[in-house]
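# Summary of structural features
Here are the chains, one letter per residue:
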Amino acid sequence: RILSVDKTLGPLVLIFRRMGRDTLIFGVMWGVLLMAFSVALHGSGIESDAASCVEGNMKASCWQTWWVVRTYFQAFSQPFFEEMNSDASMLFLMVSWVVMNIIMVNLLIARMSSTYSRIEKQSEKEWMFDLYLATKEY
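### So, helix 4 (residues 123-137)
Its 15 residues give helix 4 an end-to-end C-alpha distance of 21 Å, which sits within 8% of 21 Å, the value for a rise of 1.5 Å per residue. Of the positions making up helix 4, those classed as buried are S123, E126, W127, D130 and A134. Mapping the buried residues of helix 4 onto a view down its axis gives an arc of 100°, with all of them on the same face. In helix 4, the exposed residues that point more than 90 degrees away from the buried face are K125, T135 and K136.

### Considering helix 1 (residues 9-42)
When the terminal C-alpha atoms of helix 1 are compared, their 48 Å separation across 34 residues agrees well with the 50 Å that a helix rising 1.5 Å per residue should span. Three or more residues of helix 1 are buried, namely G10, P11, L14, I15, M19, D22, F26, W30, L34, F37, S38 and L41. Close packing links the buried residues of helix 1 with helix 2 (66-75), helix 3 (87-121) and helix 4.

### A closer look at the nonpolar core
Within soluble globular proteins, side chains that are nonpolar tend to cluster in buried spots. Within the largest apolar cluster, 10 residues are counted, these being F26, W30, L34, F37, V68, A75, V99, M100, M104 and L108. Contributions of two or more residues to this core are made by helix 1, helix 2 and helix 3. When near neighbours in sequence (up to four residues on either side) are disregarded, F37 contacts T71, F92, V95, S96, V99 and M100.

### Thoughts on unusual backbone geometry
For S77, which is not glycine, the phi dihedral falls at a positive 70°. You will see that F80, though not glycine, has its phi angle at about 55°, which is positive.

What counts and what doesn't
- Residues numbered from 1 in each chain as written.
- Predicted model: local features only at pLDDT ≥ 70, side-chain atom pairs only at ≥ 80, totals over all residues.
- Heavy atoms only, no water.
- Helix = DSSP H or I, 4+ residues; strand = E, 2+ residues; numbered from the N terminus.
- Expected span 1.5 Å × (residues − 1).
- Buried < 20%, exposed > 50% of the residue type's maximum accessible area, 1.4 Å probe, protein only.
- Arc of directions from axis to C-beta.
- Contact = heavy atoms within 4.5 Å.
- Core = buried A, V, L, I, M, F, W, Y, C linked by side-chain atoms within 4.5 Å.

Written out as structure tokens, the structure is:
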């Protein structure tokens, strides 16, 4: 609350607070897309190597949640080409990489840029309002 009273730091505090909200919204959208592409890749005909999954085997591909974890790593450019054994799975892999890395990151940058410019325009009003609230509080 104290920082928002300062004329220079007040708008910056507000910008960080609003950008945090933008990042949270982005994280939810990214998570929904991750689950959607995980289900699409899982249903595209990828065969699991069930024969190598025996009791006590710590191989990651033997985890029950591997289909979600694999898509998470694929979003960060770890392709696991050896598991992509159909054309549909390769297509989903390419589309998911483009959507999750290029489009979503550009969307996050655009949202944060919009937030910054909107608050920068209103910084004087926002500062005066926060100053009023702090004065009223004390």
